[in-house]
Amino acid sequence: LDVSMDTWSYFHTCLASIWLHRFYIYSAVALGISLWIVIQFTTTKTKKKVTEPGEKSSGNPTSSRGTEDKLVNGCATPQAKEVYVAGVKIFYGSQTGTAKRFAKALAEAVTSLNLPVEVINMGDCDPDDCLAEETTSRNVCVFLVATYTDGQPPESAAWFCKWLEEAASDFRVGKTYLKGLRYAVFGLGNSVYVDHYNTVGRRVDRWLWVLGASRVMTRAEGDCNVARSRHGSIEGDFEAWKAKFLTRLQALCRGEKKPCSGKCKKGKCKSPGKQSRESSDHEHGASEHENTEAEELFETSSEEEADAEEAGGTNAVIDVEDLGNIMGHMKKAKVLLSLSSTEAAMLNPLGHPLVWFMSQLLQVNISSLLFCALFSGYKLIGSHSGVKLCRWTKSMLRGRGGCYKHTFYGIQSHCCMEATPSLACANKCVFCWRHHTNPVGTEWRWKMDQPELILQEAIENHQNMIKQFRGVSGVKADRFEEALTVKHCALSLVGEPIMYPQINRFVRLLHQHSISSFLVTNAQFPEEIRSLEPVTQLYVSVDASTRESLRRIDRPLFKDFWQRFLDSLKALAEK
């Protein structure tokens, strides 16, 4: 009992002492917390100074050592927390080996910055895949491409450049398709050939920009003509550009932001203290040129560069009898292009609100749509369908021959209506006779019109086009009268008819009106083929025999296009 009392007395004394000196204890705890906060704040600030690129050294030896550990030759090492440049990919297109030699030299210089680098021959890569990957890879892509005979790319780069050109001019491809890709272009050419000097380099630069990629520096041009070369030779031009590029690359590795607003006019920075010169785009025969200089890291061409984009010519095959309509429509098309959406819709010679169709559904430029509607003889129906008078229909109206369906199956071509319930297609075939004027997609994305509306307007538009042949020299009266009654419908006009969600209802309507059906599909929708109700004839296009050739010829949008192709053939066999 005495021991317990002594222990209690001891604890009582300690507690009483703590209570009496509680003010000092509170003060000590508060001081400790304050010191901890100050230490944490100071440490965090020091770390920021070490890791943030572009900051001056604080003079602290520890901070300096940290900065040196993070940066080597101006580029972030793999230990850095955030990687601004993951690596460099150098694409080259060469005819004589000069661009290839420059690519290897640039690769050695980039390697000295402790950055991974890859040299790629444009002829050995698929641009559809390799460029799309670079939008999220944090790599910087360099394009070294020569201009060969008559302003054409080297043979090894022909397909690469063709893909870029078609993607940039195809309104179905989004203008942000390559957004996130950072690039620089160095063109190789000879100013002796004035009309084609560095044409390929300029076009590659422009096509990449149109597709949403970002320049890390202004395009540069090397000149084989020593009399005009700014540095005495094309090698000198390349060395000067290479030094500038490596400086830009180091700045990018440090994570430096663009110094200007990004609204530079044709690469000419308007920010204070920033001046540059952009080589003039004289693809139409300008004789003077100059190599480019720029100080900004990122450059964006202005809207006027987009306006200067070459209007892609078309080599469409047009029937002679259509020339009269074409000449009459050319002035009307120009008027439509200068009018507002409402006025254009009111004055549209086709009696169809093309502008509304464009802005609401396809979001394409009006000139491409007008070409599709006016110059190719299409009659648009609703929001996603169309009808056109086939050249064999016109031929048989005159008593001439019909198409192969007449030869094989006895179908009278002058009684055949060529139409489609879906203008969209999942392929971009190189042989497409529609010149890629239709929209593209892998799924249904449009406001759906009812089958009854499509059939009614298709027949009315078809009959109206037939009536235009009344009294035309050479047209047989009996065939003219027969042609006003549609007996066959070829769903092969353009696009992928089987994409239309109500295709079965539409086919049933055709049969109810005693109209036989002929449906063409590009073998990319096997499930739709399986669920398709009986048609008079189902036609599956087999455009190639191997996976690689199908990819190059049909250029399908689906990544699993080959399996879809095989499954479509299996589905056809089950019918």
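What you see is a predicted model; the values in this text were computed from it and never measured.

What counts and what doesn't
- Residues numbered from 1 in each chain as written.
- Predicted model: local features only at pLDDT ≥ 70, side-chain atom pairs only at ≥ 80, totals over all residues.
- Heavy atoms only, no water.
- Core = buried A, V, L, I, M, F, W, Y, C linked by side-chain atoms within 4.5 Å.
- Buried < 20%, exposed > 50% of the residue type's maximum accessible area, 1.4 Å probe, protein only.
- Helix = DSSP H or I, 4+ residues; strand = E, 2+ residues; numbered from the N terminus.
- Contact = heavy atoms within 4.5 Å.
- UniProt positions renumbered as here; feature names shortened; annotations may be inferred.
- Pairing = 2+ DSSP bridges.
- Axes fitted to C-alpha atoms, helices over the stretch in contact; angles between N-to-C directions.
- Phe/Tyr/Trp six-rings, centres within 6.5 Å; stacked < 30°, edge-to-face > 60°.
- Parallel < 35°, antiparallel > 145°, perpendicular 65-115°, else oblique.
- Left-handed = near helix turned anticlockwise from the far one by under 90°.
- Nonpolar A, V, L, I, M, F, W, Y, C, P; charged D, E, K, R; others polar.
- Salt bridge = Lys/Arg side-chain N within 4 Å of Asp/Glu carboxyl O.
- Expected span 1.5 Å × (residues − 1).
- Right-handed = clockwise from strand over helix to strand, strands pointing away.

Undergrad: Any chance you could explain the nonpolar core here in plain terms?
TA: Across soluble globular proteins, nonpolar side chains show a tendency to be buried alongside one another. Residues Met 417, Ile 466, Cys 489, Leu 491, Ile 503, Phe 506 and Leu 510 are the most contacted members of the largest nonpolar core, which totals 43 residues. When contributions to this core are tallied by element, the ones reaching two or more residues are β11 (416-420), α16 (451-467), α17 (477-483), β12 (488-491), α18 (503-512) and α21 (561-573). Take this core: its biggest share by element is 6 residues, from α16. In this structure Leu 491 touches Ala 419, Pro 421, Pro 497, Ile 503, Phe 506, Leu 510, Phe 518, Leu 519 and Val 520, once residues within four positions along its chain are discounted. Core analysis: the second largest hydrophobic core is formed by 31 residues, Val 88, Leu 106, Val 140 and Val 142 among them.

Undergrad: Sorry, what's going on with the UniProt feature "transmembrane region" (unreviewed entry) in the protein here?
TA: Residues annotated by UniProt as "transmembrane region" (unreviewed entry) correspond here to residues 20-39. Taken end to end, residues 20-39 is 95% helix and 0% strand, and its first and last C-alpha atoms sit 31 Å apart.

Undergrad: I tried to follow the sheet that holds strand β14 (residues 537-540) on my own but got confused; where do I start?
TA: Paired through backbone hydrogen bonds, the strands of a sheet run either parallel or antiparallel to each other. Strands sit in the order β9-β10-β11-β12-β13-β14 across an open sheet of 6 strands; the sheet is mixed. The sheet is open, and its two edges are formed by β9 (379-381) and β14, each paired on a single side. Looking at each pair of strands side by side, their axes are set apart by 25° on average, direction ignored. One ladder, built from 4 bridges, connects strand β13 (residues 516-521) with β14; its direction is parallel. The partner of Thr 521 across the bridge, within β14, is Val 540.

Undergrad: In this structure, what is going on with the packing of aromatic side chains? I would like to understand it.
TA: Two aromatic rings, taken as a pair, are described by how far apart their centres are and by the angle between their planes. Summed over the entire model, instances satisfying the criterion amount to 18 aromatic pairs. Between the aromatic rings of Phe 186 and Trp 241, the centroid separation amounts to 5.2 Å while the plane-to-plane angle is 40°, which identifies the pairing as tilted. Of this pair, Phe 186 sits in strand β6 (residues 182-189) while Trp 241 sits in helix α8 (residues 234-253), placing them 55 residues apart in sequence. The two residues Phe 186 and Trp 241 agree in class, both being buried. On the numbers, 5.7 Å between centres and 55° between planes, the contact of Phe 518 with Tyr 539 is tilted. Taken together, the residues Phe 518 in strand β13 and Tyr 539 in strand β14 connect sequence positions 21 residues apart. Classification of Tyr 539 as partly exposed rests on a relative accessible area of 35%. Aromatic ring contacts, followed pair by pair, group Phe 102, Phe 186, Phe 238, Trp 241 and Phe 245 into a single cluster.

Undergrad: So what exactly am I meant to see when it comes to the packing of α16 against α18 here?
TA: Any two packed helices are characterised by the angle at which their axes cross and by the distance between the axes. Contact geometry of α16 with α18 gives a least axis separation of 9 Å together with a crossing angle of 45°. Classed by the angle they form, the pair α16 and α18 counts as oblique. Our pair here, α16 against α18, has a crossing hand that is right-handed. Where α16 abuts α18, its residues Pro 451, Glu 452, Ile 454 and Leu 455 lie against Arg 505, Phe 506, Leu 509 and Leu 510. Considering only residue class, the contact of α16 with α18 consists of 6 nonpolar, no polar and 2 charged.

Undergrad: Is there a simple way to think about the pattern of salt bridges in this case?
TA: When charged atoms on two side chains of opposite charge get close, those side chains can pair. Taken as a whole, this structure holds 15 salt bridges when the rule is applied. A salt bridge links Glu 221 to Arg 219; the nearest nitrogen and oxygen atoms lie 3.2 Å apart. Comparing Glu 221 with Arg 219 shows no difference in burial state: the two are buried. Here Glu 574 ties to Arg 530 by a salt bridge, and the two come within 3.6 Å at their closest N and O atoms. Of the two residues, Glu 574 is situated in the segment after α21 and Arg 530 in helix α19 (residues 526-531); the sequence distance between them amounts to 44 residues. By relative accessible area, Glu 574 is classed as exposed at 58%.

Undergrad: What should I look at first to understand the environment of Leu 550 in this one?
TA: In this fold, Leu 550 is placed in helix α20 (residues 547-554). C-alpha of Leu 550 to C-alpha of Phe 561: the two residues are 11 residues apart in sequence and 8.7 Å apart in space. Discounting residues that sit within four places of it in the chain, Leu 550 has contacts with Ala 544, Arg 555, Pro 556, Phe 561, Trp 562 and Phe 565.

Undergrad: Explanation requested: helix α4 (residues 98-111) in the structure shown.
TA: In an α-helix, one full turn covers 3.6 residues, which means residues spaced three or four apart are oriented alike. Its 14 residues give α4 an end-to-end C-alpha distance of 20 Å, which sits within 8% of 20 Å, the value for a rise of 1.5 Å per residue. Taken together, the buried positions of α4 are Thr 98, Ala 99, Phe 102, Ala 103, Leu 106, Ala 107, Ala 109 and Val 110. Turning to α4, the residues buried within the fold contact β3 (87-93), β4 (117-121), β5 (139-146), β6 and α8.

Undergrad: Honestly, the pairing of β13 in this entry has me stumped. Any pointers?
TA: For a regular strand, the rule is simple: side chains alternate between the two faces of the sheet. Among the 6 residues that make up β13, 5 are buried, leaving the element largely enclosed by the rest of the structure. Pairing of β12 with β13, which is carried by 4 bridges, proceeds in the parallel orientation. Bridged to Cys 489 within β13 is Ser 517. Once the chain exits β12 it traverses α18 before rejoining the sheet at β13, and the crossover so formed is right-handed.

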